[in-house]
Amino acid sequence: MYKNTLTLENGITALLLHENITKNEIPDHTLSDVWIVNHENPWMVKQFLQNIIKHPDPHVYLKPVFLQKNFKKAYREKKNYNLKHLCDGYIDHLKLEDRIASVEFIIHFIKNLQNTEEMYSSTVLQKILWYYYSRNKKIEFRESSDSLNGYTYPRIEAYYSGRKESYLAVKEMLTQAYKSGFLTRNYADTSHLCHKCSSGFLNYREECPKCAGHNLQARSLIHHFRCAYVASEDLFQKDERMICPKCNTELKNLGVDYDKPSKIFCCRKQDCRNEFQQPLIGVRCINCKTEQAPSTLKVEKIYQYEITSQAIDDIIKPHTIG
Ligand SMILES: [Zn+2]
Ligand SMILES: [Zn+2]
Ligand SMILES: [Zn+2]
């Protein structure tokens, strides 16, 4: 037997990938049933897993690949890599335990794939459908500050490079697959994106309605019950005490002799100094620096997807035997 292969539960054979990852070399898929990542470098693991995903041979990209739990700590710093979602997730050392049935299903599925030329030139959608079908899984997004809009479908994005390109390509692919009846979708979230670049990395801030400046000072308004006088907090401040400028009485207890009905904003821009109660909200895109009003943001719904029976009949079944 090949030096890095082992036999696990139910006679399932496994190959430890340390050497392959170091050399960034995809192993011969005939050597074992499953592959196990035992490498501590998250960046190298990511490159390797992406190469598996993008490999033209279905025996490679459909192969069950696991990470070992004891490396979890080493990957923690790179949470945005979503390593767990670029493969079949973690196992405890070499124990498949409750994953056995799923692994056996995948092995069986790969064995029954028709070995035709066409299989090697399939579209990303076909690959994705075969993969998720063999895993009996939903296509789920993850939150990620590395992605353009804050959401990512890690396994699908692995096919593309560039933040904007992969965002657009994945969106287009999932939407088309949904419209063609290959996927159903379930609403998960609504996101607001820059109208110019689709980034979800946005800074919302209160703005002066007169000059659009955002260096504002907010002060509480004080309402003195006894004389009904209303003015901004600073007009009541006399040394350490609060004195009403209208009736000259000291204010002592909030809720008893005065309250703070609202706030007043003061624009700090030299030539403006506007005072107002209703600021506007402005949005600055951190990615492309565009200033915009909230009403002009792109509103986009985020979904989870599931494979339909039409996809199974049209895309999966025709390529499997039995
Ligand atoms: Zn102003
Ligand atoms: Zn008063
Ligand atoms: Zn932008």
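These figures come from a predicted structure and were not determined experimentally.

Within the protein, the regular secondary structure consists of 9 helices and 19 strands. Relative to the compact-globule value of 20 Å for 322 residues, the protein shows a C-alpha radius of gyration of 29 Å, a clear excess of over 25%. Along the three orthogonal principal directions, the C-alpha set of the protein runs to about 95 × 40 × 35 Å. For the protein, the residues scored as buried account for 25% of the 322 residues in total. Sequence-distant contacts in the protein: of pairs separated by 6 or more residues, those separated by 24 or more amount to 63%.

Quick look at the nonpolar core now. Formed by 49 residues in total, the largest nonpolar core has its most connected members in Ile-36, Val-37, Leu-49, Phe-66 and Leu-129. In terms of residue count, the dominant contributor to this core is helix H2 (residues 42–54) (5 residues). Beyond its immediate chain neighbours, meaning those up to four positions away, Val-37 contacts Leu-17, Ile-21, Val-45, Val-65, Phe-66, Leu-67 and Gln-68.

Let us now look at the sheet that holds strand E17 (residues 280–285). Reading across the sheet, the 3 strands line up as E9-E17-E18 and stay open at both edges, with antiparallel pairing between neighbours. A single partner strand is all that each edge strand has here, and the edge strands are strand E9 (202–207) and strand E18 (291–292). Of the strand pairs in this sheet, E17 and E18 are connected by 2 bridges, and their pairing is antiparallel. Residue pairing in the sheet places Arg-284 in a bridge with Glu-291 of E18.

The 5 strands lie next to each other as E1-E2-E3-E4-E5, forming an open sheet whose pairing is mixed. Where the open sheet ends on each side, the last strands, each with one partner, are strand E1 (5–7) and strand E5 (90–91). For strand E4 (residues 65–68) and E5, the ladder comprises 2 bridges, and the chain directions are parallel. Across the sheet, Gln-68 pairs through a bridge with Ile-91, a residue of E5.

One ladder, built from 5 bridges, connects strand E10 (residues 216–224) with strand E15 (residues 263–267); its direction is antiparallel. Bridge pairing in E15 places Ala-218 opposite Phe-265. For E10 and strand E11 (residues 230–232), the ladder comprises 3 bridges, and the chain directions are antiparallel. Bridged to Leu-221 within E11 is Ser-232. In sequence, E10 turns back onto E11 through a hairpin of 5 residues, with Ala-228 there showing a positive phi of about 70 degrees. Alignment of E10 against strand E14 (residues 258–259), held across 2 bridges, turns out to be antiparallel. Opposite His-224, over in E14, you have Tyr-258 as the bridge partner.

Conventions we followed
- Residues numbered from 1 in each chain as written.
- Chains lettered and ligands numbered in written order.
- Predicted model: local features only at pLDDT ≥ 70, side-chain atom pairs only at ≥ 80, totals over all residues.
- Helix = DSSP H or I, 4+ residues; strand = E, 2+ residues; numbered from the N terminus.
- Rg over C-alpha atoms; globule rule 2.2 N^0.38 Å.
- Buried ≥ 20, exposed ≤ 12 C-beta atoms within 10 Å, placed from the backbone.
- Contact = placed C-beta atoms within 7 Å.
- Core = buried A, V, L, I, M, F, W, Y, C linked by C-beta atoms within 7 Å.
- Pairing = 2+ DSSP bridges.

Just distances and angles here, no functional claims.
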